[in-house]
Structure formats: structure tokens, C-alpha cells
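What the coordinates show
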Amino acid sequence: MGDIAALFHGFAVALTPFNLLLMFIGVSLGVIIGVLPGLGGANGIAILLPLTFTMPPTSAIIMLSCIYWGALFGGAITSILFNIPGEPWSVATTFDGYPMAQQGRAGEALTAAFTSSFIGALVAVIMITFLAPLVARFALQFGPPEFFAVYFLTFCSFIGMGKEPPFKIMAAMMIGFALAAVGIDTVTGQLRLIFGWHELMRGFDFLIAVIGLFGIGEILLSMEEGLSFSGRSAKIDPKIVLQTWAKLPRYWATSLRSCLIGCWMGITPGGATPASFMSYGVAKRVSPNGTKFGTGELEGVVAPETAAHAAGTSALLPMLSLGIPGSPTAAVLLGGLLIWGLQPGPLLFVEQKDFVWGLIASMYLGNIAGLIIVLTCVPLFAAILRVPFSIIAPIIVVICAIGAFTVHNAMLDIWFMLLFGIAGYVLKKLAYPLAPLVLALVLGDRAEDAFRQAMLMAQGDLRIFFSNWLVGSIMALALVLLFWPLFSRWRARHRKPATTAAMG
Amino acid sequence: MSEPPQAPEPRAGGISTRTVEVVVALVIFALGALVVYDSRRLGAKWGADGPEAGYFPFYIGLVICVSTAVIAAQALFGRADKRDGIFVEWQPLRQVLSVLLPALLYVGAIQLIGFYTASAIYIAGFMVWLGKYSWLRSALVGLAVSALAFITFEIWFQVPLYKGAFNPLAFLGY
């Protein structure tokens, strides 16, 4: 019950006029970011992060998390109206959303998408409200071995659940760890991996990597496809909104299933993109209208949107309670916390009550604000997409460059941003996943510290990771996930001995 | 760095996926080897007071080398249908370079003449060259974006941006 009281206190923190204003600004910026190619939740927040350094942390995180909600909403607009997913997690929304728009039912599709997003997020926030304090309280007992085990689990689950080839996931992740190791070693004070180049002493900032990999990389990718937007305008009639809302309760089972898939994928670092695909796939298989999916079925919009938003929101649970982000965007928010001098993790719930509960309260309010804004302003946001790419592209490059520069006021960072952009383009085309790279870059130092402290406690004996049931079971689960690709390959081979290694 | 792989002649359509796959794997392998080398230099063993500075990165570098070696081997000797694709065709590659090369010039320009001037020229140039807009319109958009950035950063948020080695806007007093 103490949590409920804390939540209401949180509403009091979040409901100042200044914070409400930031919420609306944040959501609007977020939708714009979500609509534009090359700018997404992760790099959008990374670019705007330096501008919030002067704000109080609570206001800053409210604005930044609202940008995130806005970006989640925004992805759906371009998917449905233009068949261009503004964000990777809205790819599945195009399958049924775009056909609906072609049939003149764009308003219906958009309403369904926004409402489902809202419901998915709401369920996830409710889950965070009740689960996060429990997880945090539990995690207070964690020592270095347990923390390293949780980090290990996070990274192994990328390998176990990723669609990409396992060795590429591993390579991408390790590049992240290696980049994180560059600079001053926090324990011994020695300079690592800088090869006499003293400007590298600061190390590689993950914000630069995020802006380059996702921003510049994305622009190069969209340029290759020769993007030209030719969209239809859309207005949402209040009557259609009400009509669609009347239809939605029919799909309660799909919604519920998608929420569960989304929450699960968000907490484990599966992320919003696989969650949306999985949810679409499951809905297609289970629904009586499954065969009609892909031709403009309302249910085919509900399923991926609910799951994407549920996953995107619940990715903040491990970030807040354990200090381990569930997605690249959550990782950027975590970076923000560190910059504001807040140590994410279980102690946050004890030491920074105002901050945590203000943030959670703002998740409720931000999503309501988001729903109102997107339902009323769709034509405005759709108009942005009619600005030709040859104007948008250089402006986005300029914004990325400014964002990269303002992180440390370092010119060198802009060059690194370009380098990361080229790397992002090539790696993405070769199916190296970028999310584990970014997460490893963010968590590298902390994972290493946990590992070293655990090693110190045990005098170099690796058996400490199996010294009690808690750390042992986390490690065991992690190892299962790590070797999961091998196992599924073996199983596939045994089931169909004729085909060689039919695994994805 | 290892020698460039015996690249199969890229077919008329573009650069083959296999070539890129192997080159990228080798580049990452080289990075991994660098990490291993420097970690050994720092000491990757168990020191008097616990693990040395190179202890953790050493294994990271090792895993990079092993996994990229596997990736390269898979690309060279794996199933044909998986590796014989085309990474990028010439026409799209030209489009990608038409964004990338101006971006490189732009960052170089920032270094010399600062953010605001470089951005205005870059945006206007991009519009004229790739978008085929009129000079007037392009210049207006470029100037408008730069002015907006100036107001936002220098005045509103008081975050000074890089002014370049030769600051052409010095007369503004910022």
C-alpha cells in the first residue's frame, strides 16, 4: 500500500504546470522524431539529452521519456499512411495498416493503432508500478556476483533470442565492450587501448555511437532505397474515433495476449521490434480472421502496436530497478540518469523517491497526453513527411552533428559520429545487430566492475558464480540462453535429418 | 591488418555480399587483435592486488577474434545461396555516396568555418545539387535553419557550438 501512496505523491511531483508543459513538448517532439526517417527514439533522446543538463532531473526525465512515448506513437503514423515504418517496431503495423489506408480506412487504422499503443503502454506502466519496487527491494540483497550474473543474463538473452546469426550478435556485443574499455580504467587508473592518442582518454561516449549508428546509418540506408514520400493526407473524424473504439473491445483477447508478449519481451531485452512481430504472428495464428491478415484487418494493427508499446514501456522496469536497460532507448535514458548524478539501480527507490515516482506518474500522464496529441494532430505530422527528402536529409545530418558536438563540446566526436554512421550502415546490412553493441557500450564498465569485485571476493575463483542458489540459478539460465542456438540447431537437425542446419 | 581477401570479381550488378562480409570480419578481427595486444601489454593476469587492468578486455578481444574468424569462414565456405547475394548495387551505392561525401565535407567545413556557416552552405548546396531546387529557395532554407539553430543554442539554451578555426561570424560577438 505504501507504493500507492508513493504513486500519488509522484502525481503531485509530475503535475506542476512546468512539467505538464514539458510533457506536451516532449510528446510533440517525439512524434516528429518518430515520423522522420533517421531520427528515432534512441538517437532523438541522445541528441536532446545535453539540452536538459540544466533542468532539474525529474523534469528532464519527464520530458525525455515523453519524447520516447511520442516516438512510439509516431512510428505508426508513417507505417499506416505511407507504408514507411518510421521506426523498426512499426514494420509489422504496415502489414495491415497500409492496406486499410488504401481502402480509405486510414482514420480507423490510426485510431486503432494509437488506442492499442495506449492500452499496451498503460498495462506496462501498471506492471511497472507494482513490480518495480518489488524487484528493487529484492535486488537490494544483490552483491557483485549477482549483479554480474544479471548482466551476463542480459547479454546471453540477446544471443539466445536474437534473429541474427549468433556469432554476429556475439561480435557486435564484444565490440561494444571493447569500446567501453577504451580510456581510463576506473579501478587501476591505467590508460587502456588508446595507443598514445590522448584525445581517446575520455573513451567512446555511447551517445555519439547511438547518434552515428542509428542516425547517420539510417539516413544512408534510406538513401539507398531512394525514398520518396508520396502519401495521402489524413484527418481523423471524431465520429470514426468513436466507431473504432466501439469495435475494439471485440479484440480483447488479442490485446491481452499482445500486452503479455510485449511486457515479457520488454523486461528481457528482446525489445519492441521482435515483440511486435511475435505478437502479429501469434495473432495471425490464433485469430479466426487469421487468413485475412495482411489485407487490412483491424486486428492486425491492434496486435503489433499493443505489443510494441508494452515492450517499449516495460523496458524501463529493469532500467529503473536494476540499472540494466531493456532497449537502446532505455540505455540512453540510463546514461542521462548517470549524467544527472543519479545512480540507477535498487537504491534509486530508496534514495530518490521523488524522482522515481515522479517518473512513473509521468508515464501515466505522458501516455494520455500522447494519445490526445496524436489523435488531434495527425494531419500536421503527416504534412512533415511531404517535405522532400533532399531537404530533410541534410537537416537531419546537421541535427545529428549538433547533437554529437554538444555531448562533450568536442569536435572529434563529430568525426566519430560519421565513422559510427558508416559502421552502422555496413553492419546493419550484414545483419550484425546494433542494440547489443550499444547496450554493451553503456554497461561495459559496470559489468566489468561487478566482475572484478566478484573476482576479488573469490580470489579469482570462478565458482563464486555458483556459490548460492540465487546467483547460481541466474547463471544457469544465462548459460542455457547462450547455448540455445546450438541446441535448436541440433534439434532441427534431428527432426529433419535430410536438410542441413535449417536454423535462423 | 591482414591482407585484403582474394576478392572474387564483383559482378556487374554491384559489390558481392561475400566480399563485404569477409572484409568486415577481417577488420573487426584486427580490432580484436589490437585489444588482445594492448591488454597483454597492460597485464591480463592476476596481479598482487587482484585482476590487472587488461584482465577483462583480454577475453573480450579473444571472443571478438574467435567469432569473426567463424563469420569469415562461414562467408567463405558456407552454403552458396547464403553468400552469393549482392551487398549493394552500383546505383544505390552512388546515392549513398551522394549523401556520405557531402557529409564528410560538411564536417570538415565545421572544423574550419564553424557550425552555423557550414550548416547553411551544406543544406543549401545539398538542395541545389541533389534536390534541383532554385538557388534562392535553397539559400533561404539553409539560412533559416542556421538562424534557428543559432537562436536555440547560443541564445536560448546558452550552449555554444563550435565556431571553427576561422570564425566568420565573429562580428556577432558570440
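Per chain, residue numbering runs from 1 following the sequence as it is written. By the order in which they are written, chains take letters starting at A while ligands take numbers starting at 1. In keeping with the predicted nature of the model, local features appear solely for residues at pLDDT of at least 70, side-chain atom pairs appear and are counted solely at 80 or more, and the whole-chain, interface and lining totals rest on all residues. Side-chain figures throughout are based on the complete set of non-hydrogen atoms in the structure, without hydrogens or water.

Looking at the overall build of chain A
A run of DSSP states H or I qualifies as a helix once it reaches four residues; a run of E qualifies as a strand once it reaches two. Both are numbered from the N-terminal end. Scanning chain A from N- to C-terminus turns up 22 helices and 2 strands. To get the radius of gyration, use the C-alpha atoms; to get the globule rule, take the number of residues to the power 0.38 and multiply by 2.2 Å. Compactness check: chain A gives a C-alpha radius of gyration of 22 Å against a globular reference of 23 Å for 504 residues, within 12% of the reference. By the burial criterion, 63% of the 504 residues in chain A qualify as buried. With residues, only the protein chains shown are counted as cover, and all accessible areas are computed by Shrake-Rupley using a 1.4 Å probe. For chain A, the accessible surface area stands at approximately 18400 Å², while carbon and sulfur atoms represent 68% of it. In this tally Asp and Glu are treated as negative and Lys and Arg as positive; neither His nor the chain ends contributes. Every charge is mapped onto a representative atom, which is NZ of Lys, CZ of Arg, CG of Asp or CD of Glu. One finds the centroid of the 27 positive side-chain charges in chain A at a distance of 12 Å from the centroid of its 23 negative side-chain charges. Accessibility here uses a 1.4 Å probe with only protein chains present; expressed as a share of the type maximum, an area under 20% marks a residue as buried, one over 50% as exposed, and anything in between as partly exposed.

Re the interface of chain B and chain A
Listed per partner, the contact involves 63 residues of chain B and 56 residues of chain A. Counting the surface lost from both chain B and chain A, the interface buries some 5300 Å², and carbon and sulfur atoms represent 80% of this. The term salt bridge refers to a pairing of a side-chain nitrogen on Lys or Arg with a carboxyl oxygen on Asp or Glu at a separation within 4 Å. Inspection of the region where chain B meets chain A yields 1 salt bridge. When the shortest N-O distance is used, the salt bridge between E21 of chain B and K168 of chain A registers 2.7 Å. Among the secondary structure elements, those contributing two or more residues to the side of chain B that touches chain A are α1 (17-42), β3 (50-51), α2 (55-77), β4 (86-89), α4 (90-113), α5 (115-131) and α6 (135-156) of chain B. Per element, the largest residue contribution to the side of chain B that touches chain A is 13 residues, and it comes from α4 of chain B. Only Asp, Glu, Lys and Arg are considered charged in this grouping, and only Ala, Val, Leu, Ile, Met, Phe, Trp, Tyr, Cys and Pro are considered nonpolar; every other residue, Gly among them, is considered polar. In terms of residue class, the side of chain B that touches chain A is made up of 46 nonpolar, 11 polar and 6 charged. A contact between two residues is defined here by any heavy atoms of the two lying within 4.5 Å. The term buried area refers to how much accessible surface (probe radius 1.4 Å) is lost by two components on association, counted for both of them together.

Some details on unusual backbone geometry
All names here are of chain A. A positive phi angle is found at N409, which is not glycine, with a value near 50°. Residue classification places N409 among the partly exposed residues on the basis of a relative accessible area of 46%. Located in the positive-phi region is A431, a residue other than glycine, with phi close to 65°. Along the chain, A431 falls in the loop between α19 (411-429) and α20 (435-458). Classification of A431 as partly exposed rests on a relative accessible area of 32%.

Quick word on the nonpolar core
As used in this record, nonpolar core signifies buried Ala, Val, Leu, Ile, Met, Phe, Trp, Tyr and Cys residues forming a set joined through side-chain atoms within 4.5 Å. Counting 221 residues, the largest nonpolar core has F114 and M417 of chain A together with Y106 of chain B as its most contacted members. Of the residues that make up this core, three or more belong to each of domain 1 (14-84) and domain 2 (90-172) of chain B. Setting aside its immediate chain neighbours within four residues, F114 of chain A contacts F73, A76, I77, I236, L371, V374, L375 and V378 of chain A. If you look at the next biggest cluster of nonpolar residues, it comprises 5 residues, including A92, Y280, F293 and A303 of chain A. What marks off one domain from the next here is an automatic or database domain assignment.

Overview of the confidence of the model for chain A
Predicted coordinates in areas of low pLDDT are best not read in detail. Known as pLDDT, the predictor's per-residue confidence is scaled from 0 to 100. Model confidence for chain A is summarised by a mean pLDDT of 84, while 95% of its residues fall at 70 or above. Overall, residues 498-504 of chain A carries pLDDT values under 50, and its contacts beyond four positions in sequence, including any with other chains, amount to 8 contacts.

Overview of helix α5 (residues 91-102) of chain A
Residues and elements named next belong to chain A. What a helix is expected to span follows from its residue count: subtract one and scale by 1.5 Å. For α5, with 12 residues, the first-to-last C-alpha span of 17 Å sits near the 16 Å given by 1.5 Å per residue. Taking burial as the measure, the 12 residues of α5 include 9 buried ones, the bulk of the element. Check the buried side of α5 and you find it contacts α4 (57-82), α6 (106-139), α12 (272-286) and α13 (298-314). Downstream of α5 by a residue or two, G104 has a phi angle that is positive, lying close to 80°.

Thoughts on the packing of helix α8 (residues 166-181) of chain A against α2 of chain B
A pair of packed helices can be characterised by two numbers: the angle between their axes and the separation between those axes. Every axis in this analysis is a line fitted to C-alpha atoms, fitted for helices over the stretch in contact. Angles between the N-to-C directions lie between 0 and 180 degrees. Where α8 of chain A meets α2 of chain B, the axes come as close as 9 Å, and the angle between the chain directions of the two elements is 150°. When the axis of α8 of chain A is compared with that of α2 of chain B, the two are roughly antiparallel. Taken as a pair, α8 of chain A and α2 of chain B cross one another with a handedness that is left-handed. Packed against α8 of chain A, whose contacting residues are F167, K168, M170, A171, M174, I175, F177, A178 and A181 of chain A, the element α2 of chain B presents F56, P57, I60, V63, I64, S67, T68, V70, I71 and Q74 of chain B at the interface. A breakdown of the residues in the contact of α8 of chain A with α2 of chain B according to their chemical character gives 15 nonpolar, 3 polar and 1 charged. Geometric relationships in this document are graded by angle, where less than 35 degrees denotes roughly parallel, more than 145 denotes roughly antiparallel, 65 to 115 denotes roughly perpendicular, and other angles denote oblique. Here a crossing is called left-handed whenever its near helix is offset anticlockwise from the far helix by less than a right angle, and right-handed whenever the offset is clockwise.

Quick notes on the packing of helix α18 (residues 389-408) of chain A against α5 of chain B
Viewed as axis vectors pointing N to C, α18 of chain A and α5 of chain B meet at an angle of 155°, and their least axial separation amounts to 8 Å. On the basis of their axis angle, the class for α18 of chain A and α5 of chain B is roughly antiparallel. In the packing of α18 of chain A onto α5 of chain B, the handedness of the crossing is right-handed. Across the interface between the two elements, S390, I391, A393, P394, I395, V397, V398, A401, I402 and F405 of chain A from α18 of chain A touch F115, S119, Y122, I123, F126, M127, L130 and G131 of chain B from α5 of chain B. Across the contact of α18 of chain A with α5 of chain B, the residue classes tally to 15 nonpolar, 3 polar and no charged.

Considerations on the side chain of D38 of chain B
Take D38 of chain B: it is sitting in helix α1. Contacts described as polar in this section are N or O atom pairs within 3.5 Å, which, within protein, must combine one atom able to donate a hydrogen with one able to accept it, while residues neighboring in sequence count only if both atoms come from side chains. There is a polar contact of 2.7 Å between the side chain of D38 of chain B and the backbone nitrogen of L193 of chain A. The contacts of D38 of chain B, once residues within four sequence positions are left out, are R192, L193, I194 and F195 of chain A.

Notes on the environment of D185 of chain A
Looking at the element boundaries, D185 of chain A is found in the loop between β1 (183-184) and β2 (191-192). Overall, the relative accessible area of 1% leaves D185 of chain A in the buried class. As for D185 of chain A and A393 of chain A, which are separated by 208 residues in sequence, their C-alpha atoms are 39 Å apart. Leaving out residues up to four positions away in the same chain, D185 of chain A has contacts with Q190, R192 and R452 of chain A together with A53 of chain B. A distance of 2.9 Å separates polar atoms of two side chains, one belonging to D185 of chain A and the other to R452 of chain A.

A few points about a nonpolar patch on the surface
Like-charged residues are merged into a patch within 9 Å and nonpolar side chains (Val, Leu, Ile, Met, Phe, Trp, Tyr) within 5 Å, provided each residue has over 30% relative accessible area and no salt bridge. Residues F195 of chain A together with V23, V27, L31, L34 and Y37 of chain B make up a contiguous nonpolar surface patch of about 530 Å² in total accessible area. Checked against the element boundaries, V27 of chain B lands in helix α1. By relative accessible area, which is 36% here, V27 of chain B ends up partly exposed.

Some details on the packing of aromatic side chains
Between rings of Phe, Tyr and Trp, where Trp is taken as its six-membered ring, a pair exists when centres lie within 6.5 Å; planes separated by under 30 degrees are stacked, by over 60 edge-to-face, and by other angles tilted. Inspection of every chain in the model, using the stated rule, returns 31 aromatic pairs over all chains. Measuring from centroid to centroid gives 6.5 Å for Y425 of chain A and F87 of chain B, while their planes differ by 75°, and the two rings are edge-to-face. In this pair, Y425 of chain A is assigned in helix α19 and F87 of chain B in strand β4, connecting two distinct chains. On the accessibility criterion, F87 of chain B (9% relative accessible area) is buried.

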